[in-house]
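# Survey of secondary and tertiary structure
The lines below spell out each chain.
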Amino acid sequence: VSGAMPFDGAHTEGSNSSVFDAAPADGVGPAQVCMIERRPYAFGIDWRFYGDGKELRQTLWAAHRSGLSHYILGDTQDLIGLMRGLSGTFKGKPQAAALQLAQSVSRGGMELFVFKIGPDLYSITGLQDSRPVLPFDRVGSRSEILTLAGQFQLQCVGQELRQAGNTGELEDEENLKLADA
């Protein structure tokens, strides 16, 4: 999994300014970076799919032009995460928590991961076929995250849903330690 990269001129040179004049990510905020097992992980990423290299260049150019500052490329060659800054105290390049879960423990299908990562700090990651589902890539208080978990569960009614984490708060939650994720 690649880490969060800042935008620089190398990724935006030669772009045609008429291609994308509108900001691609209205409302995108800073990604929240949390230290988990002494590694920085980013949550709250605006995930986008793109078709080819040209579309990727256009997306990067438009994102940079609209004030977004960082991006993460997925290993599937068609997924990019956009961020307006990184919030938190950390060293090194943060990894995308959603991509780490997708690569290390995902089994495909609909999956919900909820972890307690601090005294009152929880994370939620929703995946569909090992890809992040917006807006279920967040950190927050217990109540915020459990509310989001309920929303994800409602979206999955009638589908098989794997639920895993370390909280014991989800129905049929598969026990998964942070160190194993």
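Coordinates for the structure precede this section.
Notes on the structure follow. (Residues numbered from 1 in each chain as written. Predicted model: local features only at pLDDT ≥ 70, side-chain atom pairs only at ≥ 80, totals over all residues. Heavy atoms only, no water.)

## Regarding the pairing of strand E12 (residues 161-165)
Taken across its five residues, E12 has four buried, putting it largely inside the fold. In the sheet, strand E9 (residues 110-118) pairs with E12 via five bridges, with the strands oriented parallel. What sits directly across from Phe113, in E12, is Ala164. Where E12 meets strand E13 (residues 174-175), two bridges bridge the pair, whose relative direction is parallel. Its bridge partner being in E13, Ala164 is matched across the sheet by Glu174. (Buried < 20%, exposed > 50% of the residue type's maximum accessible area, 1.4 Å probe, protein only. Helix = DSSP H or I, 4+ residues; strand = E, 2+ residues; numbered from the N terminus. Pairing = 2+ DSSP bridges.)

## What to know about the nonpolar core
Counting residues in each nonpolar core, the largest one holds 16 residues, and the members touching the most others are Phe43, Leu101, Phe113, Phe115 and Leu176. Those elements that provide at least two residues to this core are strand E2 (31-36), strand E3 (39-43), helix H2 (97-104) and E9. Once residues lying within four places of it in the same chain are set aside, the contact partners of Leu176 are Val105, Phe113, Phe115, Ala164, Gly165, Asn166 and Ala181. Core analysis: the next-biggest nonpolar cluster, separate from the first, contains 13 residues, Tyr122, Phe136, Ala149 and Cys156 among them. (Core = buried A, V, L, I, M, F, W, Y, C linked by side-chain atoms within 4.5 Å. Contact = heavy atoms within 4.5 Å.)

## What to know about helix H3 (residues 142-155)
In this model, H3 (14 residues) spans 20 Å end to end at C-alpha, consistent with the 20 Å of a helix rising 1.5 Å per residue. For H3, the complete set of buried residues consists of Ile145, Leu148, Ala149 and Phe152. Along the long axis of H3, the arc covered by the buried residues comes to 105 degrees, so they all point the same way. The inward-facing, buried residues of H3 abut E9, strand E10 (121-128), strand E11 (131-140) and E12. (Expected span 1.5 Å × (residues − 1). Arc of directions from axis to C-beta.)

## A few points about the packing of aromatic side chains
Scanning the model with the defined rule gives one aromatic pair in all. Ring geometry for Phe136 versus Phe152: centroids 5.0 Å apart, planes at 75 degrees, classification edge-to-face. On the criterion of sequence distance, the pair formed by Phe136 in strand E11 and Phe152 in helix H3 is long-range, its members being 16 residues apart. Here Phe136 and Phe152 have matching classes, each one buried. (Phe/Tyr/Trp six-rings, centres within 6.5 Å; stacked < 30°, edge-to-face > 60°.)

## A closer look at the pattern of salt bridges
A side chain of one charge can pair with a side chain of the opposite charge when the charged atoms of the two come close. Tallying each qualifying case throughout the model produces six salt bridges. Here Asp46 makes a salt bridge to Arg48, at a shortest N to O gap of 2.8 Å. For Arg48, a relative accessible area of 24% translates into the label partly exposed. For Arg107, the salt bridge goes to Glu174, with nearest N and O atoms at 3.2 Å. Placement of Arg107 in the loop between H2 and E9 and of Glu174 in strand E13 is noted, with a sequence separation of 67 residues between them. Since its relative accessible area comes to 25%, Glu174 is described here as partly exposed. Beyond isolated ion pairs, a larger network of salt bridges with shared partners links Arg107, Glu111, Arg162 and Glu174. (Salt bridge = Lys/Arg side-chain N within 4 Å of Asp/Glu carboxyl O.)

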